[in-house]
Amino acid sequence: MTDGPNCLSLYDITVAAVCQAYKFFKNDFRYLPEPILFDIYIMLYHQARLCVLSIEFSDLDIFSRMLKIQNRTMLIKCFQELMKHGTGVNRELANAYIKRCTDKDVTLEVKDSLIDLGIRLGSFLCDAGWLTESCEVLNHCKSLCLTLPEGEKAWRKTLECCYKLIHAEVIYSQYDSATETKQLAEELVAKLKDTKEYICFAGIYTQFSLYCFHMSLYDQAYKYSVKAVKELGDGRGNPKILIEALSQASKSCVVKREFAKAEALSTTAVYYAIELYGDKHLKHADALLDYGFYLLNSDSMKDSVIVYEKALNLKEEIFGSLNLHVAVSHEELAYALYVHEYSSGRFYQARKHSEKAIAMMMQLLPKEHLLLASAQRVKALILEEIALDHMSDFSEDQSKLLFEAETLHKDALRLARLSFGEDNVQTAKHYGNLGRLYQSMRKYKEAEAMHLKAIEIKEKLLGDDDYEVGLSVGHLASLYNYHMKEYKKAELLYFRSIRISLKLFSETYSGLEYDYRGLMHVYESLGDYDNSTKYMTIIARWKRLREESETRRNPPLSLTGAPTPIDELQDMFCRGIETAAV
């Protein structure tokens, strides 16, 4: 089957003829083999006969056959077009599955079949961006699994379901239920290990890492990723698990500031995504997002924007304009643009993408969902900078922008505390955001309190020399320096921030400029012109070194040659790491 209705082959013409006579053959052509039946549905999609397609896809028996088709991207496109036109096919399929699961007369054979269907359907709904229904289907599937007779077969089935369910729950920010699913999965892993049969646990360890990453348990996320990468063998197993394990391992390295490892893992994941699935596939878009995360956090902001834009374009091509996966991609691009344009003050594109993300999420999510709060946080950061860069001091418009930003930040902090508790890196970040905002609003005592709270939590969780700690220390130094005239306090904090930056990055790190300029201002204010001149020279040297490093940097997405072999990645990533139970 061709991808479009033009340049039709004899086979395509036959398929088109069958579609035209749909009402005469609709009961008969359901007996056709899955690939031929799928081609008929693709033709209906290209002919925009969405009512007919909706009737077919709402039938759980028919759709279960389509889930066996390899062309997942085309199936998602068809499904998404139905959702865009308000058919509610996601809800109908989920309800039909749940109804079958609650039938009291289900035999063991039917139960096995229902579990397999639940895993496939729940996974598809997750991939397609309909996460409420995905979690519901997989939870009912899990309940069925737990009624199976105890034994290795039941444990394997249940673990497979947990693997899919943890992923859906985590990316949908359902952390309480994800915690329960993870506990069950850990028990199953222990039972299966006792059987002494070889089982690859790379997939479930990757989901454990993803869970810990989202909960800001970065050491545990890293250890689970080590386990996952070790389990990959020679990399010739499940390609989906291979790419997910490498991408998640890269993210775990990023938050541990091990950038050489992160680069090797993320670029290899992108390479394999293209080689194994093609450059128009969802897996390629997902791998690009994780590659962009590495670039953004390793001080390659301009490159990260290019990669995030590429990922967003791919997701829009697959999902269209109203989908949660697209909304999240808009948010991630908005934040990358915000960071990239921080010094220029050109925030139009960042604001546009943040508002697109929020508009989509408001249609797709409950009112107080954590994903929506995250997008609103990004918008608040952007509004604050717009207020400061483009308006006179405390004009009416500026006050409105700052007030809106405060409302968004407070709401995000409230939801973070509900979801993660007080002692969590995400909560600390929201305190820091409020601190910076109060500084802009000239509420200096409130700003100081927020910064100190952020530093306290981050030091407690991450140690004294973590990047996040350095970030908050630099913000507090700025407050003392420019607004509270506590110059000696500011000086010590700038020294600490610089030391952390030099330890984690190189002497060309972009954040150093703000600290160097801050110290210049400190010494000018204290009348110490020798030190002021010294830092003026340091800034000139920093600029020269940064320009030289920019000219040596390879452009993103120029992934040429063979990827790093899996055994070399395993040796590099896992060397010297204890892999005892986390």
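From a predicted model like this one, the values you see are computed outputs, not experimental measurements. (Residues numbered from 1 in each chain as written. Predicted model: local features only at pLDDT ≥ 70, side-chain atom pairs only at ≥ 80, totals over all residues. Heavy atoms only, no water.)

**Quick notes on the overall build of the protein chain**
As a reminder of what qualifies: Helix numbers and strand numbers start at the N terminus; a helix is a DSSP run of H or I with at least 4 residues, a strand a run of E with at least 2. Based on C-alpha atoms, the radius of gyration is set beside the globule rule, defined as 2.2 Å times the residue count to the power 0.38. Note on classification: 1.4 Å probe, protein chains only; a residue is buried when its accessible area is under 20% of the maximum for its type, exposed when over 50%, partly exposed between these limits. Note on definitions: a residue-residue contact is assigned when non-hydrogen atoms from the two residues lie within 4.5 Å. Residue burial considers only the protein chains on display, and all accessible areas are found by Shrake-Rupley using a 1.4 Å probe. This count recognises Lys and Arg as positive and Asp and Glu as negative, with His and chain-terminal groups excluded. Note that the charge is assigned to NZ on lysines, CZ on arginines, CG on aspartates and CD on glutamates.
Counting its secondary structure elements, the protein chain contains 28 helices and zero strands. Here the C-alpha radius of gyration of the protein chain, 26 Å, is about what a compact globule of 582 residues would show, namely 25 Å. When the backbone C-alpha atoms are referred to their principal axes, the protein chain occupies close to 90 × 55 × 50 Å. Buried positions account for 55% of the 582 residues belonging to the protein chain. Counting contacts in the protein chain only where the partners sit at least 6 residues apart, residues at least 24 apart contribute 68% of the total. By element, 52% of the accessible surface of the protein chain is carried by carbon and sulfur atoms, the whole surface being about 26100 Å². Counting 72 positive and 82 negative side-chain charges, the protein chain places the averaged centre of each group 1 Å from the other.

**Let's talk about the UniProt feature "repeat: TPR" (unreviewed entry) in the protein chain**
Quick note on the threshold: UniProt positions are given in the numbering used here, feature names are shortened, and annotations may be inferred rather than shown by experiment.
Look at the UniProt record and you will see "repeat: TPR" (unreviewed entry) annotated at residues 428–461. Between the C-alpha atoms that bound residues 428–461 the distance is 10 Å, and the span itself is 91% helix and 0% strand.

**Description of helix H17 (residues 301–319)**
Here is the rule we go by: A helix's residues, less one, multiplied by 1.5 Å, set its expected span.
When the terminal C-alpha atoms of H17 are compared, their 26 Å separation across 19 residues agrees well with the 27 Å that a helix rising 1.5 Å per residue should span. Within the span of H17, buried status applies to Met301, Asp303, Ser304, Val305, Val307, Tyr308, Ala311, Leu312, Leu314, Lys315, Ile318 and Phe319. For H17, the elements touching its buried residues are helix H6 (72–84), helix H8 (108–127), helix H16 (282–297), helix H18 (324–340), helix H19 (348–364) and helix H27 (529–552).

**A short note on the environment of serine 216**
The test is simple: What qualifies as a polar contact is a pair of N or O atoms within 3.5 Å, subject to a donor-acceptor requirement within protein and to the restriction that residues adjacent in sequence count only when both atoms come from side chains.
By the secondary structure assignment, serine 216 is in the loop between helix H12 (202–214) and helix H13 (218–230). The class for serine 216 is buried, based on a relative accessible area of 9%. When the C-alpha atoms of serine 216 and leucine 50 are compared, they prove to be 43 Å apart, with 166 residues separating the residues in sequence. Ignoring sequence-local partners within four residues, the contact set of serine 216 consists of Asn424, Val425 and Gln426. A distance of 3.3 Å separates the side chain of serine 216 from the side chain of asparagine 424, its partner in a polar contact.

**A closer look at the nonpolar core**
What counts here: Side-chain atoms within 4.5 Å link the members of a nonpolar core, which is a set of buried Ala, Val, Leu, Ile, Met, Phe, Trp, Tyr and Cys residues.
Counting residues in hydrophobic clusters, the biggest one holds 204 residues, and the most contacted among them are Phe57, Phe79, Tyr97 and Ile204. Per-element accounting of this core gives the leading share, 12 residues, to helix H20 (residues 370–389). Among residues more than four places away in sequence, those in contact with isoleucine 204 are Leu159, Cys162, Tyr163, Ile166, Ala185 and Val189.

**Some details on helix H24 (residues 467–482)**
Over its 16 residues, H24 runs 22 Å from end to end, which matches the ideal 22 Å to within 8%, given 1.5 Å per residue. Most of H24 sits inside the fold, with 12 of its 16 residues counted as buried. On its buried face, H24 is in contact with helix H22 (425–440), helix H23 (444–462), helix H25 (487–504) and helix H26 (512–526). Two to three positions downstream of the cap, the backbone nitrogen of glutamate 468 sits 2.8 Å from a side-chain oxygen, assigning the N-cap of H24 to aspartate 466.

**Details of unusual backbone geometry**
Of note in this structure, serine 173 is not a glycine but carries a positive phi near 65°. The residue serine 173 is located in the loop between helix H10 (152–171) and helix H11 (175–194) in this model. A positive phi angle is found at arginine 442, which is not glycine, with a value near 65°. Within the secondary structure, arginine 442 is located in the loop between H22 and H23. Judged by its relative accessible area of 47%, arginine 442 falls in the partly exposed class.

**Some points on the side chain of arginine 546**
Here arginine 546 lies in helix H27. The class for arginine 546 is buried, based on a relative accessible area of 13%. With near-sequence residues (within four places) excluded, arginine 546 lies in contact with Asp299, Met301, Thr508, Tyr509 and Ser510.

**Some words on the confidence of the model for the protein chain**
The cut-off we apply is this: A residue's pLDDT is the confidence the predictor assigns to it, expressed on a 0 to 100 scale.
The predicted model of the protein chain has a mean per-residue pLDDT of 91, with 95% of residues at 70 or higher. With pLDDT under 50 throughout, residues 578–582 is counted as low confidence; its partners more than four residues away or in other chains account for nine contacts.

**With respect to the pattern of salt bridges**
Quick reminder of the rule: What counts as a salt bridge is simple: a side-chain nitrogen of Lys or Arg found within 4 Å of a carboxyl oxygen of Asp or Glu.
In this structure the tally under the stated criterion is 39 salt bridges. Arginine 72 serves as the salt-bridge partner of aspartate 127, at 3.1 Å between the closest nitrogen and oxygen. Highlighted residues: aspartate 127 in helix H8 and arginine 72 in helix H6, separated in sequence by 55 residues. There is no split in this pair, since aspartate 127 and arginine 72 are both buried. One salt bridge connects aspartate 219 with lysine 256, and the closest N-O pair in it is separated by 2.2 Å.

**Some remarks on the environment of isoleucine 115**
Relative to the elements of secondary structure, isoleucine 115 occurs in helix H8. Through-space distance from the C-alpha of isoleucine 115 to that of leucine 288 is 32 Å; in sequence the pair is 173 residues apart.

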